[in-house]
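Survey of secondary and tertiary structure
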Amino acid sequence: MNASSFQDLAVEDVLDVHADIMTELDAAAEDQLRRLEHDLPPGTQHHDYYAVLNVAKTASPDDIKDSFKALCRTFHPDKHVDSHLKAAAQRQFIIVQRAYDVLSDPVKRTLYDLYGPECPELAAASSSTYPNPSSSGSGSTDNSMQVGHVLKTPDEIRKEYEERIRRENMAKLESLIRQRGDVTIALDATPALFPQAFDPPAPRQVAVSSLQVKYSTDTPVNDTLVFGLSGRMVTQDSRGVGSVKAHVRKVFSRTTSGDISINLLSPHSVTAKMHHVLDEKTDTSIDTDLHWSRPTLPPTATIQLTRRVIPNYPIYGFARFYSGHYSIGNWGKGSLATQITRAAQGQAARKLAISKDSVTSLQAGFQWNHSATTISNVTIQSSLFELVGVLRHVRKLPLPNTPLAARPTLELNLQGDARTGAMGFSWKLAHKLGEHLRVGLGTAATSGVGIVTTLELGYLGQRLILPISLYPELNLVAFAAASAVPFLSAAAAWVAVLEPRRKRILAAKLAAAKERARDLFAARRAESLAAAQAQYPTVVTKYARERDASNGGGLIILQALYGKVRAAAAASGQLPPPAGILHLKPSEAEGVLDVSIPVFALVTNSALKIEAGVSKAGLIGFWDPAPWEDKQLLVTYVFRGVYRQVIVEDDAALALPLRNHVVIERSAEVAVSDDVRRASKEAS
């Protein structure tokens, strides 16, 4: 690596270098939209099986079985005589059966925990085993699973499924982007900015100093084999060179892959690469690269070893060795005729020797992934003529109220050669404007090259790169001036154009998603109301049992409200527990619904428990009255003659009765649900 390569480092796309990490960052979608997609499945088209059975995600098989039996006593069709209630109970009974079928099977439960109800294997098994609750008829009883085996561990299932998902994602990506191309047009603006005194005077103009075009296309044959073709053309100072390469990539196993490429134009060359993972636990891998350009020279070799330095901590170390030009006996010394003559005269030797003009080098360094937003690495390279140090720091800019994926990426580079005194430093901003559109802007200052500002535009694997030379020497003042204009322009574009555009796109996506979800929420609301009706006879029986319980009476739910309870309390000027006592009527509070019957149905032996970690909108008889907003559950109850009230957040646990719940004086007006009043009359 020499001083002229500093510019290449400045324009290198760090998001491509650290593709795995940046892909993870891009996968963290807009916060609000991600919350939308997260809330839709349990609230609408999918049911949260843990919420359906009201068990914790760590529940034992016995806990799951006990909950299933209790729900069967409520929703089994034979428990109902009325035809309308019988149909409603039948629909809920199918959902309960489906939840029990998944959570009671270790393999299915592992798949559900890892990938949710949208897992293809679970969807296929559920659709073939159970009919749609909203349709009639019974399905087949095929419980076959396409991934894993009943004897496989969860880790084996996870690896097998992740490998399949990886292959499917790669196939989708390759079908979308099979062609990649880079066009680099280097412009020299120094004659226009700093004209030299010549006779006659030189014209003030921006000249094209070089042009480079790279293009590649791949044709996947199957999941493990890819054929491709790539070409490169470089023109500079009225001279041009080009190459056309054919390559074959092969994945031999989950840990080994290889690549062979052949330069079809003169000078012909062959390059073979191999990647092998030695130890997955420590992320230890080895990469080898052999390049053979002429039969008179042995192939040059590059070997790199990468390893996680500290277990379970994202610090990686690497060492890279480049052989440079060397000789083995006469092979590598002189022309082909000279080598043949020496061999014929018996002068062949087997001694390995490195030539004096070789660029043999050894590189070592560390990369530290501080967090999802920050990456740093430091590299030291040594050869016969260089001792180069490189420091690179990349992070997502901490913009307030901006989702992670929407933040620009700032890259800082510092490089110096201790032997020649050459140095360089640069910065680069990269921002993703759309799903496939990316822009970049940066400035580099390099010894022997000067000040260069680079503009980049990338779309679907195609990139246009414009390096513009602004000053012929390394000058801090010129670097500051060349950095200020593009940096301030980028900041102004972010404030005036990019951020408002992102917000408009986000608002449009949310509006469209809410519009699509409207019918789904309406269907879930109707389903929950029917479930509450099917629960009502059970609540009447429980009311009578709890009222007549020994020791002064058992647990009776007077009113349970779910939704924007705190917002409704603030609108009415009331304080929620434990600061105060709420008297809310769901008919008068927006985004609040009465769930007294579904909550009362969960009472067993004068106790009630709702597990944490899932939205209560997934409980049987519940629905989501305020999608994508904060919700709470407010419960007013009486136990052994003492009236109490408690409020908990949507994903928090609830246990009744507890002594620390707010006590309501008997003289105070106690809110009682109309459904509970009716159940008490029927129980009497």
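Residues numbered from 1 in each chain as written. Predicted model: local features only at pLDDT ≥ 70, side-chain atom pairs only at ≥ 80, totals over all residues. Heavy atoms only, no water.

**What about the overall build of the protein chain?**
The secondary structure content of the protein chain amounts to 16 helices and 26 strands. Relative to its full complement of 684 residues, the protein chain shows a buried share of 43%. As displayed, the protein chain offers around 36600 Å² of accessible surface, 58% of which is attributable to carbon and sulfur atoms. (Helix = DSSP H or I, 4+ residues; strand = E, 2+ residues; numbered from the N terminus. Buried < 20%, exposed > 50% of the residue type's maximum accessible area, 1.4 Å probe, protein only. Areas by Shrake-Rupley, 256 points an atom, 1.4 Å probe, with all protein chains shown as cover.)

**Notes on the packing of aromatic side chains**
Considering all chains together, one arrives at seven aromatic pairs under this definition. Ring plane angle 45° and centroid distance 5.9 Å describe the contact between Y50 and Y112, whose orientation is recorded as tilted. Here Y112 lies in helix α8 (residues 106-115) and Y50 lies in helix α5 (residues 49-53), a separation of 62 residues in the sequence. Judged by relative accessible area, Y50 falls into the buried class, the value being 2%. (Phe/Tyr/Trp six-rings, centres within 6.5 Å; stacked < 30°, edge-to-face > 60°.)

**Quick word on unusual backbone geometry**
The step from S266 to P267 runs through a cis peptide bond, and the omega angle for that step is 0°. Within the fold, P267 resides in the loop between β5 (256-263) and β6 (269-279). Residue P657 follows L656 across a cis peptide bond; omega there is -5°. Here P657 shows up in the loop between β25 (654-656) and β26 (662-664). The phi angle at N54 is positive, at roughly 55°, despite the residue not being glycine. Residue placement: N54 occurs in the loop between α5 and α6 (61-75). At R640, a position not held by glycine, the phi torsion is positive, near 55°. Overall, R640 belongs to the partly exposed group, its relative accessible area being 46%.

**Brief notes about the UniProt feature "transmembrane region" (unreviewed entry) in the protein chain**
The feature "transmembrane region" (unreviewed entry), as annotated in UniProt, sits at residues 476-497 in this numbering. When the span residues 476-497 is considered, its composition is 100% helix and 0% strand, and the gap between its end C-alpha atoms is 31 Å. (UniProt positions renumbered as here; feature names shortened; annotations may be inferred.)

**Brief notes about a positive patch on the surface**
A surface patch of like charges, here positive, comprises K65, K69, R73 and K79. Mapped onto the elements of the fold, K69 is located in helix α6. Taking the relative accessible area as the measure of exposure, K69 reaches 46% and is therefore partly exposed. (Patch = residues over 30% accessible without salt bridge, like charges linked within 9 Å, V, L, I, M, F, W, Y side chains within 5 Å. Salt bridge = Lys/Arg side-chain N within 4 Å of Asp/Glu carboxyl O. Lys, Arg positive; Asp, Glu negative; His and termini not counted. Charge placed at Lys NZ, Arg CZ, Asp CG, Glu CD.)

**Remarks on the pairing of strand β3 (residues 225-236)**
Within a regular beta strand, the side chains point alternately toward one face of the sheet and then the other, so they alternate between its two faces. Bridge analysis of strand β2 (residues 207-220) against β3 gives 11 bridges, and the strand direction is antiparallel. Bridging across to β3, L211 finds its partner in T235. Here 12 bridges tie β3 to strand β4 (residues 239-251), and the two strands are oriented antiparallel to one another. By the bridge assignment, F227 is partnered in β4 with V248. (Pairing = 2+ DSSP bridges.)

**Some words on the environment of L410**
Examined against the element boundaries, L410 turns out to sit in strand β15 (residues 409-417). Owing to a relative accessible area of 18%, L410 belongs among the buried residues under this scheme. Expressed as a C-alpha distance, the spacing of L410 and T374, which sit 36 residues apart in the sequence, is 9.5 Å. Those residues in contact with L410, other than ones at most four positions away along the chain, are H393, V394, R395, L397, K428 and L429. (Contact = heavy atoms within 4.5 Å.)

**Brief notes about the side chain of T360**
Within the element layout of this structure, T360 appears in the loop between β11 (352-354) and β12 (361-371). Its relative accessible area of 15% is what places T360 among the buried residues. In terms of polar contacts, T360 uses its side chain to reach the backbone carbonyl oxygen of S323, at 2.4 Å. (Polar contact = N/O pair within 3.5 Å; in protein donor to acceptor, adjacent residues only side chain to side chain.)

**A few points about the pattern of salt bridges**
With the rule as written, the count across this model stands at 17 salt bridges. In this structure, R254 and E280 form a salt bridge, with 2.5 Å as the shortest nitrogen-oxygen distance. With R254 in the loop between β4 and β5 and E280 in the loop between β6 and β7 (284-292), the pair connects residues that are 26 residues apart, well separated along the chain. The exposure class of R254 is partly exposed, given its relative accessible area of 48%. Here E280 falls in the partly exposed class, since its relative accessible area comes to 35%. Here D283 and R308 are joined by a salt bridge, their closest N and O atoms 2.4 Å apart. In this pair, D283 is assigned in the loop between β6 and β7 and R308 in strand β8 (residues 300-308), connecting sequence segments 25 residues apart. Here R308 falls in the buried class, since its relative accessible area comes to 16%. In the salt-bridge network here, residues are joined through shared partners; they are D182, K428, E456 and R463.

**Focus on helix α7 (residues 83-103)**
Taking 1.5 Å per residue as the helical rise, α7 with its 21 residues ought to reach 30 Å, and the 30 Å between its terminal C-alpha atoms agrees with that figure. Between a side-chain oxygen at the N-terminus of α7 and the backbone nitrogen of H84 the separation is 2.9 Å; the capping residue is D82. (Expected span 1.5 Å × (residues − 1).)

**Some words on the sheet that holds strand β23 (residues 632-639)**
The antiparallel open sheet is built from five strands, whose spatial order is β21-β20-β23-β24-β26. Only two strands of the sheet have a single neighbouring strand rather than two, namely β21 (592-594) and β26. Between one strand axis and the next, the sheet turns by 25° as a mean value, whatever way the strands run. Bridge count between strand β24 (residues 642-649) and β26: three bridges; the pairing is antiparallel. The residue bridging R644 from the neighbouring strand is V663, located in β26. (Axes fitted to C-alpha atoms, helices over the stretch in contact; angles between N-to-C directions.)

**Digging into the packing of α7 against α8**
In the contact formed by α7 and α8, the axes pass within 6 Å of each other and the chain directions differ by 100°. Judged by the angle between their axes, α7 and α8 are roughly perpendicular. Seen from α7, the contacting residues are D101, V102 and L103; seen from α8, they are K108, R109 and Y112. Looking at side-chain class alone, the contact of α7 with α8 contains three nonpolar, no polar and three charged residues. (Parallel < 35°, antiparallel > 145°, perpendicular 65-115°, else oblique. Nonpolar A, V, L, I, M, F, W, Y, C, P; charged D, E, K, R; others polar.)

**Quick look at a nonpolar patch on the surface**
On the surface, V309, I310, Y313, F366, W368, V378, L391, L414, M423 and L474 cluster together into a nonpolar patch covering about 840 Å² of accessible area. Positionally, V378 belongs in strand β13 (residues 374-383).

**A short note on the environment of S209**
With respect to the helices, strands and loops of the structure, S209 is situated in strand β2. For S209, a relative accessible area of 31% translates into the label partly exposed. Between the C-alpha atoms of S209 and D188, which are 21 residues apart in sequence, the distance is 6.1 Å. Excluding anything up to four places from it in sequence, S209 contacts A186, L187, D188, T235, Q236 and D237.

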